[in-house]
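Understanding the architecture of this molecule
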Amino acid sequence: AQTVTQSQPEMSVQEAETVTLSCTYDTSESNYYLFWYKQPPSRQMILVIRQEAYKQQNATENRFSVNFQKAAKSFSLKISDSQLGDTAMYFCAFYDRGGSEKLVFGKGMKLTVNP
Amino acid sequence: SQTIHQWPATLVQPVGSPLSLECTVEGTSNPNLYWYRQAAGRGLQLLFYSVGIGQISSEVPQNLSASRPQDRQFILSSKKLLLSDSGFYLCAWTPKGWNEQFFGPGTRLTVL
């Protein structure tokens with residue numbers, strides 16, 4: 001079974017700085033998707049960024065980018081120019097294209113951006 | 001555009017009482033539907049998912065059940081709530097053949 005591990009339960013960063021959130025996963029599949037979701041204090045889950053495993057190019061969405069290392073099964077999220085509104089829980093998730101129609105989530109990590 | 005609704009937003013129930021949480025999706029057909037529970041400060045636990053009307057897969061054996069009486073309606077139920085059922089319940093949907101899940105606003109359940 002696939003597993004997703006977020007080893008850092010909590011991090012803090014100063015406003016305008018850059019922070020990297022780590023995620024590792026375990027799978028024997030080769031065709032899958034990886035996601036980072038954000039859950040602000042409102043608790044609404046929001047997709048931050050998506051990476052397709054067959055694409056070598058790292059996904060980027062404005063200030064958010066990923067470092068996808070397929071061989072190492074690592075999928076880290078970099079947030080540049082951190083803003084107060086980035087304060088949230090962040091969840092890494094895995095989707096197997098050829099398997100069950102479910103997302104496997106990591107346990108999440110709490111990011112606090114300080115002024 | 002598609003929209004997902006959950007109600008109620010907040011619920012306080014005594015131990016032993018029944019539960020019914022409802023989730024509906026608008027603007028799509030034949031979605032996959034999911035129920036998650038999130039304990040305070042914790043990750044998401046998948047409870048049930050459904051790929052079609054009347055088709056329910058259970059991930060965690062407990063005193064909760066789910067039903068899908070209509071294509072875009074997903075209901076989470078319990079006959080007798082336990083204290084451990086307290087938490088934040090999220091419904092999500094995804095189009096067939098797609099991977100990203102879209103989440104509802106959630107229901108905060110407190111069992112006293």
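Here goes a summary of the coordinates provided. Note that the structure is predicted; figures quoted are calculated from it, not measured. (Residues numbered from 1 in each chain as written. Chains lettered and ligands numbered in written order. Predicted model: local features only at pLDDT ≥ 70, side-chain atom pairs only at ≥ 80, totals over all residues. Heavy atoms only, no water.)

Further remarks concern the pattern of salt bridges. Overall, the coordinates contain 7 salt bridges over all chains when judged by the stated rule. Among the ionic pairs, A:R63 bridges to A:D86, the shortest N-O distance being 2.8 Å. Highlighted residues: A:R63 in the loop between β7 (60–61) and β8 (64–69) and A:D86 in the loop between β9 (74–79) and β10 (88–96), separated in sequence by 23 residues. In terms of burial, A:R63 and A:D86 fall into one category: buried. Measuring nitrogen to oxygen at the nearest pair gives 3.3 Å for the salt bridge that ties B:R68 to B:D71. Overall, B:R68 belongs to the buried group, its relative accessible area being 3%. (Salt bridge = Lys/Arg side-chain N within 4 Å of Asp/Glu carboxyl O. Helix = DSSP H or I, 4+ residues; strand = E, 2+ residues; numbered from the N terminus. Buried < 20%, exposed > 50% of the residue type's maximum accessible area, 1.4 Å probe, protein only.)

On to the sheet that holds strand β8 (residues 73–78) of chain B, then. Residues and elements named next belong to chain B. Judged by pairing direction, the sheet is antiparallel, and its 4 strands sit side by side in the order β1-β3-β8-β7 without closing on themselves. The sheet is open, and its two edges are formed by β1 (3–7) and β7 (64–70), each paired on a single side. Strand-to-strand twist in this sheet, taken as the mean axis angle between neighbours without regard to direction, amounts to 15°. (Pairing = 2+ DSSP bridges. Axes fitted to C-alpha atoms, helices over the stretch in contact; angles between N-to-C directions.)

To continue, consider the interface of chain A and chain B. Taken residue by residue, the interface counts 18 residues in chain A and 25 residues in chain B. Taken over both partners, the interface formed by chain A and chain B buries close to 1800 Å², and the fraction arising from carbon and sulfur atoms is 51%. The largest share of the area that chain A buries against chain B comes from A:R43, A:E101 and A:K102, three residues that together contribute 36% of it. The tally of links between chain A and chain B comes to 2 salt bridges. (Contact = heavy atoms within 4.5 Å. Buried area = accessible area lost by both parts, 1.4 Å probe.)

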